[in-house]
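What follows is each chain in one-letter form.
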Amino acid sequence: MLPGDKSISHRALIFGALAVGETRVQGLLEGGDVLATARALGDFGVEIARDDTGTWRVWGVGVGGFQEPARQLDLGNAGTAVRLLMGAAAQHPFTSFFSGDESLNARPMGRVAKPLRQMGARIQARSGCRLPLALTGSNELLPISYTLPVASAQVKSAILLAGLAAPGETTIVEPAPSRDHSERMLRHFGAEVRVEDGASGGRRIILSGQPELAARALSVPADISSAAFPLAASLIVPGSDVLLKNVGINPLRSGLIDCVREMGGAVELRDENEVSGEPVADIAVRASNLRGIQVPPARAPSMIDEYPILAVLAACAEGPSRLRGLGELRHKESDRFAAIVAGLRAAGVAVEAVDDDILITGTGASPPGGAEIASCLDHRIVMAFLVLGMACKEGVTIDDGAPIATSFPGFVELMNGLGGRITDG
Ligand code: S3P
């Protein structure tokens, strides 16, 4: 089974916690990141439980209804959890302490702290605005109009969460559209969110503050960012023919499908549908001879987490590829820009970094492999290079498989069930 969507799972728990009444969630991702969100919400006094059928129940306390946590919140590896929960914590006139693992504590939080401070929160952090940090919220937050310097759904969502408690309209201007799961879910829970097209392809999102969020049932689709790994493996392992069921195909998440089609990959969407306000489909994929691709920077927000696996596809394709405008990859669970270049090079692939672009020259033949790749505490780096190993002459070794559990428990079993040979040595 493919795991539930990580972005939607975090939001289901957090928005459910801020609604009034019982929200039931089906298909929730039970990975380390989402469990960290559930644990933190428990620390805020929200009751959350899983029943025997796998349905999760959240007893929402309403906007501004959290209690002061009695201990430091440990968000593990989860960037989305810390950034969204900072927005939710800003609604409350007490101090919350946030921390995480070595990877999370190295990531920049200034991008979230800046707008939240403008709304009235006080934040004390380590140098570079890194965790651990302390956030003191307010029950008199101000609505703001904020222009995001980079397209980031996490920052947008943190502002929307804080904006729920502010009177009047909170407006966010994005330079380019980022994933809109928060906007869709807020509407699902009864909030008023308007979206207008802004200047040069951007968007303006306007939230009417202090809504009454009503608990609603939710069904979480499979995560396209996780489906990307068996999808890529099916494209590059000869003879593959796989159907990936019930995958979220939100157009602001599905840039990888566009790339794969441009590379000549056989992918087909079947049974397109809408579930809990999100588009879903089954994805049929067959092994294909791929060709190199030019990926424009404008596509980055719609596939930001898929560049490690796209780089693997480019390494297995014939001809040159250029993946452009990847500066944001330096701020993920690891410096993914550097990790992709180092990993491909170690596996004998011709790869070069030029400014914010990655250039990869595939030969259409299996890359040599035989490399030991550093996991860098980054689940997507681990899984992307394990897929590369499936195509390499000599395979690939990863120093630590544990990060996989943050987003894709069951990855190894699923890939081996499809014919992979991933072993734990
Ligand atoms: C996410 C947004 C993206 C993405 C992350 C999940 C979200 O981050 O990389 O894995 O759920 O909002 P940015 O907001 O930093 O682009």
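Use the structure listed above.
Residues numbered from 1 in each chain as written. Predicted model: local features only at pLDDT ≥ 70, side-chain atom pairs only at ≥ 80, totals over all residues. Heavy atoms only, no water.

Draft legend 1. Focus on the sheet that holds strand 11 (residues 203-208). Strand order in the open sheet formed by four strands is 8-9-11-10, and the pairing between neighbours is mixed. Two strands close off the open sheet at either side, each with one partner strand: strand 8 (145-147) and strand 10 (193-197). Ignoring which end each strand starts from, the neighbouring axes of this sheet average 15 degrees apart. Here three bridges tie strand 8 to strand 9 (residues 169-174), and the two strands are oriented parallel to one another. Of the residues in strand 9, the one forming a bridge with serine 145 is threonine 171. Set on the sheet, helix 5 (residues 153-163) makes contact with strand 8, strand 9 and strand 11; between it and strand 9 the angle comes to about 175 degrees. Relative to the sheet, helix 6 (residues 181-188) contacts strand 10 and strand 11, its axis offset from that of strand 10 by approximately 145 degrees. (Pairing = 2+ DSSP bridges. Helix = DSSP H or I, 4+ residues; strand = E, 2+ residues; numbered from the N terminus. Axes fitted to C-alpha atoms, helices over the stretch in contact; angles between N-to-C directions. Contact = heavy atoms within 4.5 Å.)

Draft legend 2. Seen up close, helix 9 (residues 307-316). For helix 9, the tally of buried residues reaches ten of ten residues, placing the bulk of the element in the interior. Listing the buried residues of helix 9 in full gives Tyr307, Pro308, Ile309, Leu310, Ala311, Val312, Leu313, Ala314, Ala315 and Cys316. (Buried < 20%, exposed > 50% of the residue type's maximum accessible area, 1.4 Å probe, protein only.)

Draft legend 3. The pairing of strand 1 (residues 20-26), seen in detail. Bridging between strand 1 and strand 3 (residues 56-61) involves six bridges; their strand directions are antiparallel. Counted as the bridge partner of glycine 21 is glycine 60 from strand 3. When strand 1 meets strand 12 (residues 218-219), the two strands line up parallel, connected through two bridges. Looking at the pairing, glutamine 26 lines up with serine 219 of strand 12.

Draft legend 4. Region of the structure containing the packing of helix 7 (residues 224-236) against helix 9. Orientation of helix 7 relative to helix 9, taken along the N-to-C sense of each, is 5 degrees, at an axis distance of 10 Å. In terms of orientation, helix 7 and helix 9 fall into the roughly parallel class. Residues Ala228, Phe229, Ala232, Leu235 and Ile236 of helix 7 form the contact with helix 9, whose participating residues are Ile309, Val312, Leu313 and Cys316. A class-by-class count of the residues in the contact of helix 7 with helix 9 yields nine nonpolar, no polar and no charged. (Parallel < 35°, antiparallel > 145°, perpendicular 65-115°, else oblique. Nonpolar A, V, L, I, M, F, W, Y, C, P; charged D, E, K, R; others polar.)

Draft legend 5. Examining the site of the ligand more closely. The ligand sits among Ser7, Arg11, Thr80, Ser152, Ala153, Gln154, Arg179, Ile304, Asp305 and Lys332. Measuring from an oxygen atom of the ligand, one finds a backbone N or O atom of glutamine 154 at 2.9 Å. In the model, an oxygen atom of the ligand is placed 2.7 Å from a nitrogen or oxygen of the aspartate 305 side chain. Within the complex, 95% of the 390 Å² of free accessible area of the ligand lies under protein. Of the residues belonging to the shell around the ligand, the class tally is two nonpolar, four polar and four charged. Taken domain by domain, the shell around the ligand gets at least three of its residues from each of domain 1 (6-219) and domain 2 (224-417). (Near = heavy atom within 4 Å. Polar contact = N/O pair within 3.5 Å; in protein donor to acceptor, adjacent residues only side chain to side chain. Areas by Shrake-Rupley, 256 points an atom, 1.4 Å probe, with all protein chains shown as cover. Domains from an automatic or database assignment.)

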